[in-house]
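Tertiary structure, described
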Amino acid sequence: MAVTKKKAQTKAVPGKKTASKGKRLFNVAVVGATGAVGAEMIQILEERGFPVNELKLLASERSAGAKLTFNGKKVKVEELKKDSFKGIDIALFSPGASVSAIYAPIAAKAGCVVIDNTSQFRMDKDVPLVVPEVNPHAIAGYKKKGIIANPNCSTIQMVVALKPIHDVAKIKRVVVSTYQAASGAGKEAMEELAHQTADLLSGRDLKPSVFAHPIAFNLIPQIDSFLDNAYTKEEMKMVNETKKIMEDDSIKVTATTVRVPVFYSHSESVNIETAKKIAADEVKKILKKAPGVKVVDDPAKKAYPMPIDAAGCDETFVGRIREDESIKNGINMWIVADNIRKGAALNAVQIAEILIEKYL
């Protein structure tokens, strides 16, 4: 059962580049090209006019031979091998952490810069963890290992909204609950949601495979495996990555991550405590000027961000902004973004755009 989303909307996103005549072109590889994120990377490279000379598409032996379209031409998917990166300038990785662990260092050694979407290198002290709207300067650290890490999708959209507030009022504590779409678990997860929905409506038994429990018409308060502290890996990713990206270990973060029966776009209920008192109206003004953010907040008109509206869009949407009346300096907000675009593929391409503009 095919699962699609509306055509991407790319207006008003900072850093958008278009290739122009006479500019240097780059050889680009996409690793994991046939996956949900890999396919989105290819689409975004085309949409944003990234200056590609040669595009090499790499995947597992099982997917090799497939043909994907880029700039109106069919490109054959090749099997990922150790010699795949000769002559490549930039490699966008999204093949799974275990594959990145092996091939990202090989690609870097071959002379290309790796932008890795997996969790493999995010907390490596010698690998920058980058969200272009938040810490673009960190990209300069890529020279240590030739690798730049793309953060977790749920972390990306949260810090895009929090950093402008942190700069004004200093965030002391973050309490976040996520409502994460099935696409965050890949193509097979979306297919499982689609099939289970049809099965349930037809009175058939549900047979979970990708998820531990049925996902159709259900919520699963577990993403990734549990750790000794009873948090999941996904929750601790948000804790640790937020501190690294925001470059402030003093920020306290606690997270609960939940998988929901939505195909695209992660949603988050976020509560922050700030050192300095800041009113909800001021937060709205700050976020309306923030790069990559779109404020949708008009209770009288029932206007607030929803997954169905964010799917296919580049912006991070923020709404339900209000003061937390239970503490002195608290703000509540609701954050929604397309997890495959801004939460993964777009963020990687934005990093690549800065990389070629300032460092290559």
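Residue numbers restart at each chain and count upward from 1, following the sequence in its written direction. Two thresholds apply to this predicted model, a pLDDT of at least 70 for residue-level local features and 80 or more for giving and counting side-chain atom pairs, whereas whole-chain, interface and lining totals are computed over all residues. Where side-chain values are given, they derive from all heavy atoms of the structure, hydrogens and water being excluded.

**Remarks on the overall build of the chain**
- Going along the chain from the N terminus, every DSSP run of H or I of four or more residues is numbered as a helix, and every run of E of two or more is numbered as a strand. If you tally the helices and strands in the chain, you get eight helices and 13 strands.
- With C-alpha atoms as the basis for the radius of gyration, the globule rule is written as 2.2 Å multiplied by the number of residues raised to the power 0.38. Here the C-alpha atoms of the chain give a radius of gyration of 20 Å, agreeing with the 21 Å that 2.2 N^0.38 yields for 360 residues.
- Overall size of the chain, expressed as C-alpha extent along the three principal axes, is 60 × 55 × 45 Å.
- Buried residues are those whose accessible area, probed at 1.4 Å on protein chains only, stays under 20% of the maximum for their type, while exposed residues exceed 50% and partly exposed ones sit between those limits. Counting the 360 residues in the chain, one finds 53% classified as buried.
- Note on contacts: a residue pair qualifies if any of its non-hydrogen atoms lie within 4.5 Å across the two residues. When contacts within the chain are restricted to residue pairs at least 6 apart in sequence, long-range pairs at least 24 apart make up 68% of them.
- Of the roughly 16,400 Å² of accessible surface on the chain, a fraction of 51% belongs to carbon and sulfur atoms. Methods summary: accessible areas were calculated by the Shrake-Rupley approach with a probe of 1.4 Å, and residue burial reflects only the protein chains presented.

**So, the nonpolar core**
- Remark: nonpolar core denotes a set of buried residues (Ala, Val, Leu, Ile, Met, Phe, Trp, Tyr, Cys) joined through side-chain atoms within 4.5 Å. Judged by nonpolar contacts, the single largest core of 54 residues is most densely connected at F85, V174 and M333.
- With eight residues, the single largest contributor to this core is helix α3 (residues 153–169).
- Here V174 is in contact with M158, L162, I251, K252, V253, T254, V270, N271 and I272, once residues within four sequence places are set aside.
- Formed by 48 residues, the second largest nonpolar core is a distinct cluster that contains I42, A59, V113 and I354.

**Structural notes on the sheet that holds strand β6 (residues 113–116)**
- The strand order across the open sheet built from seven strands is β3-β4-β2-β1-β5-β6-β7, with neighbouring strands paired in mixed fashion. Edge strands, defined here as strands with exactly one partner in the open sheet, are β3 (67–70) and β7 (147–149). Recorded for the sheet is a direction-independent mean angle of 25° between the axes of neighbouring strands.
- By this definition, two strands are paired if DSSP reports at least two bridges between them. As judged from the four bridges shared by strand β5 (residues 90–93) and β6, these two strands associate in the parallel manner. Only the contacting stretch of a helix is used when fitting its axis, a line to C-alpha atoms as for every element, and angles between N-to-C directions run 0 to 180 degrees.

**A short note on the sheet that holds strand β13 (residues 330–337)**
- Overall, mixed pairing links the six strands, which are arranged β9-β8-β10-β13-β12-β11 in an open sheet. Unpaired on one side and paired on the other, β9 (252–259) and β11 (293–295) mark the two borders of the sheet. Strand-to-strand twist in this sheet, taken as the mean axis angle between neighbours without regard to direction, amounts to 20°.
- Inspection of the sheet shows strand β10 (residues 266–274) paired to β13 by eight bridges, in the antiparallel sense. Each residue of the ladder has a partner; that of V270, found in β13, is M333.

**Some words on the environment of I335**
- Turning to its location among the elements, I335 is positioned in strand β13.
- Under the relative-accessibility criterion, I335 is labelled buried at 0%.
- Taking the C-alpha atoms as reference points, I335 and Q157, separated by 178 residues in sequence, lie 7.2 Å from one another.
- If we skip the residues at most four places from it in the chain, I335 touches Q157, M158, A161, H266, S267, E268, V270, T316, F317 and V318.

**Observations concerning the confidence of the model for the chain**
- Averaged over every residue, the pLDDT of the chain is 95; the share at 70 or more is 94%.
- Every residue in residues 7–14 scores below 50 in pLDDT, and together they form 22 contacts with partners more than four places removed in sequence or on other chains. pLDDT expresses how confident the predictor is about each individual residue, on a scale running from 0 to 100.

**Here we look at the environment of E323**
- Position of E323 among the secondary structure elements: in strand β12 (residues 316–323).
- Looking at E323, the relative accessible area reads 35%, which means it is partly exposed.
- Sequence separation between E323 and M333 is 10 residues; the distance between their C-alpha atoms is 8.8 Å.
- For E323, the contacting residues outside a window of four places in its chain are K277, A279, A280, G330, I331 and N332.

**As for the packing of α3 against helix α8 (residues 341–358)**
- Closest axis-to-axis distance for the α3/α8 pair is 8 Å, and the angle between their directions is 85°. Taken together, the axes of α3 and α8 are roughly perpendicular relative to one another. Every residue of α8 that contacts α3 at C153, I156 and V160 is listed here: K342, G343, A344 and N347.
- Asp, Glu, Lys and Arg are counted as charged, while Ala, Val, Leu, Ile, Met, Phe, Trp, Tyr, Cys and Pro are counted as nonpolar; the rest, among them Gly, fall into the polar class. Counted by class, the contact of α3 with α8 contains four nonpolar, two polar and one charged residues. Roughly parallel here means an angle under 35 degrees, roughly antiparallel means over 145, roughly perpendicular means 65 to 115, and every remaining angle is called oblique.

**Some points on a nonpolar patch on the surface**
- Residues enter a patch when their relative accessible area is above 30% and they make no salt bridge; the linking distance is 9 Å between like charges and 5 Å between nonpolar side chains (Val, Leu, Ile, Met, Phe, Trp, Tyr). Note on definitions: salt bridges are taken to be side-chain nitrogens of Lys or Arg within 4 Å of carboxyl oxygens of Asp or Glu. A grouping of L200, L201 and F217 is seen on the molecular surface, where their side chains present a nonpolar patch of about 350 Å² in accessible area.
- With respect to the helices and strands, F217 occurs in the loop between α4 (187–201) and α5 (233–246).
- Since its relative accessible area comes to 57%, F217 is described here as exposed.

**Side note on the packing of aromatic side chains**
- Two rings from Phe, Tyr or Trp (for Trp, the six-membered ring) form a pair when their centres are within 6.5 Å of each other. A pair whose planes differ by under 30 degrees is stacked, one over 60 is edge-to-face, and the rest are tilted. Taken as a whole, this structure holds three aromatic pairs when the rule is applied.
- Judged by centre distance (5.8 Å) and plane angle (15°), the ring pair of F85 and F93 falls under stacked.
- Its relative accessible area of 1% is what places F85 among the buried residues.
- Exposure remark for F93: the relative accessible area of 0% places this residue in the buried category.
- Seen from their ring centres, Y142 and Y359 are 6.2 Å apart, and the 70° between their planes marks the pair as edge-to-face.

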